[in-house]
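Chain and residue survey
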Amino acid sequence: MYSIEAERIEARTCWICLESESEDTPRDNPEPRRSSRVGRMSSLSIAAILGNSNSTPSASPLSAPSSRTTDASAWVHPCRCLGLDAHHLCLLRFVAERRTTHPGDPVKCPVCLYVYDIDEEADWLGAVLAFGDRATRSLVPYATFTAISATVYIMSTAYGAYAIVATCGPQLADSILSDDGMWGSRTWIGMPMIPIALIASRLDIADNVLPVLPFLILSNQQPISITLPPSPTVTLCFLPWARQAIRKQDLVVYRVLIYFATWQFNNNRAIYKEIWRLVYHFTISKSLTAASTTLHPNTDTTINTAVVGEQQPIANAQPQGFPPPAPPRRPGPPSSLPRLLMGALLLPAIASFAGTVLGAVPFLRSKLPSVFLRSTVGAGLVILGRDIILYWDFVRRRKRAMGNGRRIRDFTG
Amino acid sequence: MSNIFLKRLTKELRDMKANPPAGISIENADDNLNKWTVKLDAAEGTIYAGESFQLRFTFGNKYPLESPEVVFIGKPPVHPHIYSNGHICLSILYDQWSPALTVSAVCLSILSMLSSCALKELPPDNASYVLRAGASPKNTTWAFHDDTV
């Protein structure tokens, strides 16, 4: 029986061009082909008789490191894989191909992953280029990150300058920005922080930091003096506290303002009591607390109809066996990133516009003499107004969702 | 360069015609040897028993240093690693190729991939892949993650 194993050991086959030792060498004309294995067998036996297989390895030029050029018929066995011999030329092409497709990587045997021991001229230029290539590749993420950060930093700084000009007016902005060429930490850190602080002020991530932030930033100034109307410094220090008060009190201020607007209090004494509670105790009455807990669907409380304007408790409003409809989203932090960014970054423009509108009224202009103050008050009013409208709408939609304020008429025709 | 290409493919063609592996037969190979059509007969006792498929090998002139492009033509088998446009998700056809592999080794790998499959189903991302894939699967960046089928 024909033994493949025997042939492998007797006649080496180049694993790249698949030619065996007994056949033509790579340099020879590839045309003449013996078409059957029998033919190869016979040639093999001839080769064995002639003793070719024994003489070739010692003649391999690889054993002589002095000459790197080689004749085409030479064979190499570059790794420990049994039977993975190759023509020297074929393997050189494989190495050349790997060098172009995987520059800098060592060339390995595809089967045993042994790194070929290649004796080659030291390719200094190639090594330098490969090193540069690898260094560039590994530096790309850092360079990209640095470039993006620098871009964001510069844009933030420019935006900070714009925000200062928009809210403070040209004169104050000029005195802030042109610091006689002495640009300190306030310029390098403070200005780029402006857009970040604006965005943070719309979320609750910085709630614990914002109230003390102005003091930290402004601490290098003279003792803060309280005047009336307040100076920009005092206003800035006061703003986070006002924001916190409004947010932490669960929209109490809006609610009270809505009650004013909708006249849903039964008598004036209730209003005064409520305001007193708010100002003095910084809290709200039980009926208002109950109203606020109904905003959360899990709690079931009966609602003070006089205060919230609900006609029925929630439980009674639901038909039996139906899950309650999802309550409408209450006004709160922005629902998406673009809205968050737009809302935060448009604030200086809105403040500037509102300040201009306030400044057009002579009475307000005399009470609020500086541009910054008018912008701040204007922006506060705009935000307050917007939130009141949103909250009002929310209360209405919530009533609708609970089946109140909407009724389907019977067919009468 | 094409010297190796011609020698190697002539030799592979001769060997495969002389003693073809079970289930694999060369249907056609054009004169300059760079396009072959190979017929695969699925092994008995597998879910594809009785079916036969056609593979098209396209050899670039860097073959065998560079992998051949291998796709199913005609109706490809329904298999979790074979897309309905004939592209095959098999690592040795792309970044795991080495010149030590041959046409018959590739065919045997694909046959064994078919044999070890227990359920005829398309790849989960078939629709989106077929929509965006180019003509050649070698232009796709493949992610090989499943060695079980």
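None of these values were measured; they are calculated from a predicted model.

What follows deals with the overall build of chain B. The number of helices and strands found in chain B is three helices and four strands. Across chain B, helices and strands are ordered from the amino to the carboxyl terminus as α-β-β-β-β-α-α. Buried positions account for 48% of the 149 residues belonging to chain B. Sequence-distant contacts, at least 24 apart, represent 58% of the contacts inside chain B between residues at least 6 apart. Accessible surface, chain B as shown: approximately 6,900 Å² in total, 52% of it carbon and sulfur.

Residues and elements named next belong to chain B. Under the definition given, this model contains nine aromatic pairs over all chains. A centroid spacing of 5.3 Å and a plane angle of 70° characterise the contact between W36 and F59, whose relative ring orientation is edge-to-face. Residue W36 is found in strand β2 (residues 35-41), and its partner F59 is found in the loop between β3 (52-58) and β4 (69-73); the two are separated by 23 residues along the sequence. There is no split in this pair, since W36 and F59 are both buried. Residues F53 and F72 carry aromatic rings whose centres are separated by 6.0 Å and whose planes lie at 80° to one another, so their mutual orientation is edge-to-face. With a gap of 19 residues between them, F53 in strand β3 and F72 in strand β4 connect regions that are remote in the sequence. With respect to class, F53 is no different from F72; both count as buried.

Turning our eyes to something else, we now look at the pairing of β4 of chain B. Residues and elements named next belong to chain B. The buried count for β4 comes to four of five residues, which makes it a mostly enclosed element. Inspection of the sheet shows β3 paired to β4 by five bridges, in the antiparallel sense. Looking at β4, one finds that L55 is bridged to F72.

Residue and element names in this part refer to chain B. Judged by pairing direction, the sheet is antiparallel, and its four strands sit side by side in the order β1-β2-β3-β4 without closing on themselves. Looking along the sheet, the strands with just one partner apiece sit at the ends: β1 (24-29) and β4. Going from strand to strand, the sheet's axes swing by 30° on average, the running direction of each strand aside. The sheet contact formed by β2 and β3 spans seven bridges and is antiparallel. Each residue of the ladder has a partner; that of W36, found in β3, is F57.

Now for the side chain of R374 of chain A. Counting through the fold element by element, R374 of chain A comes out in helix α17 (residues 371-401). Other than its neighbours up to four places away in sequence, R374 of chain A contacts G355, L358, G359, R365, L368 and P369 of chain A.

Spanning 14 residues, helix α4 (residues 88-101) of chain A covers 20 Å between terminal C-alpha atoms, matching the ideal 20 Å at 1.5 Å per step. H88, C90, L91, F94, V95 and E97 of chain A are the residues of α4 of chain A that are buried.

This paragraph deals with the UniProt feature "transmembrane region" (unreviewed entry) in chain A. Residues and elements named next belong to chain A. According to UniProt, the feature "transmembrane region" (unreviewed entry) maps to residues 340-365 and 371-392 in the numbering used here. Here residues 340-365 is 88% helix and 0% strand, with 32 Å between the C-alpha atoms at its ends. Taken end to end, residues 371-392 is 100% helix and 0% strand, and its first and last C-alpha atoms sit 31 Å apart.

When a protein is soluble and globular, its nonpolar side chains tend to lie buried together. In terms of nonpolar packing, the biggest core is built from 39 residues, with W36, L40, L55, F57, I88 and I110 of chain B touching the most fellow members. Going through the elements one at a time, α1 (2-18), β1, β2, β3, β4 and α2 (103-115) of chain B are the ones with two or more residues in this core. Per element, the largest residue contribution to this core is seven residues, and it comes from α2 of chain B. By size, the runner-up hydrophobic cluster in this structure holds 19 residues, among which are W15, F94, V95 and C109 of chain A.

What follows deals with the side chain of T58 of chain B. All names here are of chain B. Counting through the fold element by element, T58 comes out in strand β3. When its relative accessible area of 18% is taken as the criterion, T58 is described as buried. Ignoring any residue separated from it by four or fewer positions in sequence, one finds T58 in contact with N34, K35, P68 and E69.

All names here are of chain B. Summed over all chains, the structure comprises seven salt bridges over all chains. Here R56 and E69 are joined by a salt bridge, their closest N and O atoms 3.3 Å apart. On the criterion of sequence distance, the pair formed by R56 in strand β3 and E69 in strand β4 is long-range, its members being 13 residues apart. Here R56 falls in the partly exposed class, since its relative accessible area comes to 27%. Between K138 and E66 there is a salt bridge, and its shortest N-O distance comes to 3.8 Å. Of this pair, K138 sits in the segment after α3 (126-132) while E66 sits in the loop between β3 and β4; the two residues are 72 residues apart in sequence, bridging distant segments of the chain. The partly exposed category is assigned to E66, whose relative accessible area is 28%.

Residues and elements named next belong to chain B. Taken together, the five bridges between β1 and β2 define a ladder with antiparallel strand orientation. Note on β2: the bridge partner recorded for S25 is K39. Counting the residues in the hairpin turn of β1 and β2 gives five residues, including L33, whose phi is positive at 70°.

Another aspect to go through is the environment of N28 of chain B. Mapped onto the elements of the fold, N28 of chain B is located in strand β1. With sequence-adjacent residues up to four places away left out, N28 of chain B is seen in contact with K35, W36 and T37 of chain B.

Once that is clear, we can look at the confidence of the model for chain A. Residue and element names in this part refer to chain A. The share of residues in chain A with pLDDT of 70 or more is 56%, and the mean pLDDT across the chain is 69. Averaged pLDDT values over the elements of chain A bottom out at 39 in helix α12 (residues 305-308) and peak at 90 in helix α15 (residues 347-359). Here residues 25-66 scores under 50 on pLDDT; set against residues more than four positions off or in separate chains, the count is 56 contacts. Low pLDDT (under 50) marks residues 295-319, which in the prediction has 46 contacts with non-local residues, meaning those over four places away or in another chain.

Moving on: the environment of C14 of chain A. All names here are of chain A. Looking at the secondary structure, you find C14 in the loop between α1 (4-10) and α2 (37-50). Sequence spacing of C14 and G83 is 69 residues, and the spatial spacing of their C-alpha atoms is 8.7 Å. If we skip the residues at most four places from it in the chain, C14 touches E19, W75, D85, A86, H87 and C90.

The rules behind each value
- Residues numbered from 1 in each chain as written.
- Chains lettered and ligands numbered in written order.
- Predicted model: local features only at pLDDT ≥ 70, side-chain atom pairs only at ≥ 80, totals over all residues.
- Heavy atoms only, no water.
- Helix = DSSP H or I, 4+ residues; strand = E, 2+ residues; numbered from the N terminus.
- Buried < 20%, exposed > 50% of the residue type's maximum accessible area, 1.4 Å probe, protein only.
- Contact = heavy atoms within 4.5 Å.
- Areas by Shrake-Rupley, 256 points an atom, 1.4 Å probe, with all protein chains shown as cover.
- Phe/Tyr/Trp six-rings, centres within 6.5 Å; stacked < 30°, edge-to-face > 60°.
- Pairing = 2+ DSSP bridges.
- Axes fitted to C-alpha atoms, helices over the stretch in contact; angles between N-to-C directions.
- Expected span 1.5 Å × (residues − 1).
- UniProt positions renumbered as here; feature names shortened; annotations may be inferred.
- Core = buried A, V, L, I, M, F, W, Y, C linked by side-chain atoms within 4.5 Å.
- Salt bridge = Lys/Arg side-chain N within 4 Å of Asp/Glu carboxyl O.
- pLDDT = per-residue confidence, 0-100.

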